[in-house]
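Structural characterization, general
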Amino acid sequence: MNAERENKVGKREDYLQWDEYFMSIAYLSAMRSKDPSTQVGACIVNPQKKIVGIGYNGMPIGCSDDLLPWSRTADNILDTKYPYVCHAEMNAILNKNSADVLNCTLYTSLFPCNECAKLIIQSGIKNVVYVVDKYKDKAEFIASRRLLEMANINISQFIPSRNVVIDFNSDFINP
Ligand SMILES: Nc1ccn([C@H]2C[C@H](O)[C@@H](COP(=O)(O)O)O2)c(=O)n1
Ligand SMILES: [Zn+2]
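Residues numbered from 1 in each chain as written. Chains lettered and ligands numbered in written order. Predicted model: local features only at pLDDT ≥ 70, side-chain atom pairs only at ≥ 80, totals over all residues. Heavy atoms only, no water.

The next point concerns the site of ligand 1. With respect to spatial proximity, 17 residues lie near ligand 1, and among them Ser37, Thr38, Arg72, Tyr82 and Tyr135 are the closest. Serine 37 places a side-chain nitrogen or oxygen 2.6 Å from an oxygen atom of ligand 1. Protein contact buries 97% of the 460 Å² of open area that ligand 1 shows by itself. Residue composition of the shell around ligand 1, by class: nine nonpolar, four polar and four charged. (Near = heavy atom within 4 Å. Polar contact = N/O pair within 3.5 Å; in protein donor to acceptor, adjacent residues only side chain to side chain. Areas by Shrake-Rupley, 256 points an atom, 1.4 Å probe, with all protein chains shown as cover. Nonpolar A, V, L, I, M, F, W, Y, C, P; charged D, E, K, R; others polar.)

Encoded structure:
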């Protein structure tokens, strides 16, 4: 391995930090979304830093995403994705691999909406870490921030210091 990537005992120094790791899992999950305009991913982590839930935005199980609309705009809301799509945060909570998500941290690429804020609060999640808050002026997101703050949920923004690249030919796999 390159010397500049090792410390004095030879330990790699450029490994992912916990927040980079968990937010990268959320972003990787988002890449599974078929939403043509916004892919969202979420990752739930327990106090022991174990991943207990992952999700991305998509249509409900058994509801064909080839038959339901993915449009953002239409004369009739029923011809848009909004009444149908499951949000990443909801899927991460429902996909949990533990009995509960009490006192967990939710890493999400996009700030939660009001409906997801309700789910976050009611499920016992205590911390929300987000990257993008592009809808902060929309009512649903003003409401979500109001709910999260009233419920004393810790809200913080993750500001990436570097990109994380998955290189299937990386030298740490194929030395
Ligand atoms: N916190 C959020 C906010 C939105 N989503 C999903 C719902 C839609 O699939 C998409 C937003 O669509 P846009 O209005 O940006 O075209 O993102 C979510 O999963 N979590
Ligand atoms: Zn939502």
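Read on, since the account is not over.
We now examine a nonpolar patch on the surface. On the surface, Leu16, Trp18, Tyr21 and Val164 cluster together to form a nonpolar patch covering roughly 360 Å² of accessible area. Along the chain, tryptophan 18 falls in helix H1 (residues 18-30). In this structure tryptophan 18 comes out as partly exposed when scored by relative accessible area, which is 48%. (Patch = residues over 30% accessible without salt bridge, like charges linked within 9 Å, V, L, I, M, F, W, Y side chains within 5 Å. Salt bridge = Lys/Arg side-chain N within 4 Å of Asp/Glu carboxyl O. Helix = DSSP H or I, 4+ residues; strand = E, 2+ residues; numbered from the N terminus. Buried < 20%, exposed > 50% of the residue type's maximum accessible area, 1.4 Å probe, protein only.)

Moving on, we come to the sheet that holds strand E4 (residues 127-132). Taken in spatial order, the five strands line up as E2-E1-E3-E4-E5 in an open sheet, and their pairing is mixed. Strands at the two margins of the open sheet, each flanked by one partner only, are strand E2 (51-56) and strand E5 (154-157). The average angle at which neighbouring strand axes cross in this sheet is 15°, direction not considered. With five bridges connecting them, strand E3 (residues 105-110) and E4 associate as parallel partners. Across the sheet, residue leucine 110 finds its bridge partner in E4, namely valine 132. Seen against the sheet, H1 touches strand E1 (41-45), E2, E3 and E4 and runs at an angle of roughly 35° to E2. (Pairing = 2+ DSSP bridges. Axes fitted to C-alpha atoms, helices over the stretch in contact; angles between N-to-C directions. Contact = heavy atoms within 4.5 Å.)

Take the UniProt feature "domain: CMP/dCMP-type deaminase" (unreviewed entry) in the protein next. Within this numbering scheme, the UniProt entry marks residues 17-155 as carrying the feature "domain: CMP/dCMP-type deaminase" (unreviewed entry). Between the end C-alpha atoms of residues 17-155 there is a gap of 19 Å, over a span that is 30% helix and 18% strand. (UniProt positions renumbered as here; feature names shortened; annotations may be inferred.)

The subject of this paragraph is the nonpolar core. In this structure, Ile44, Val101, Cys104, Leu106, Ile120, Ile125 and Leu148 are the most contacted members of the largest nonpolar core, which totals 23 residues. If you list the elements that add at least two residues to this core, you get E1, helix H2 (88-94), E3, helix H3 (114-123), E4 and helix H4 (139-150). Not counting chain neighbours up to four residues away, the residues in contact with isoleucine 120 comprise Ile93, Leu106, Pro112, Ile125, Val128 and Leu148. Core analysis: the next-biggest nonpolar cluster, separate from the first, contains 10 residues, Met23, Ile25, Cys43 and Val129 among them. (Core = buried A, V, L, I, M, F, W, Y, C linked by side-chain atoms within 4.5 Å.)

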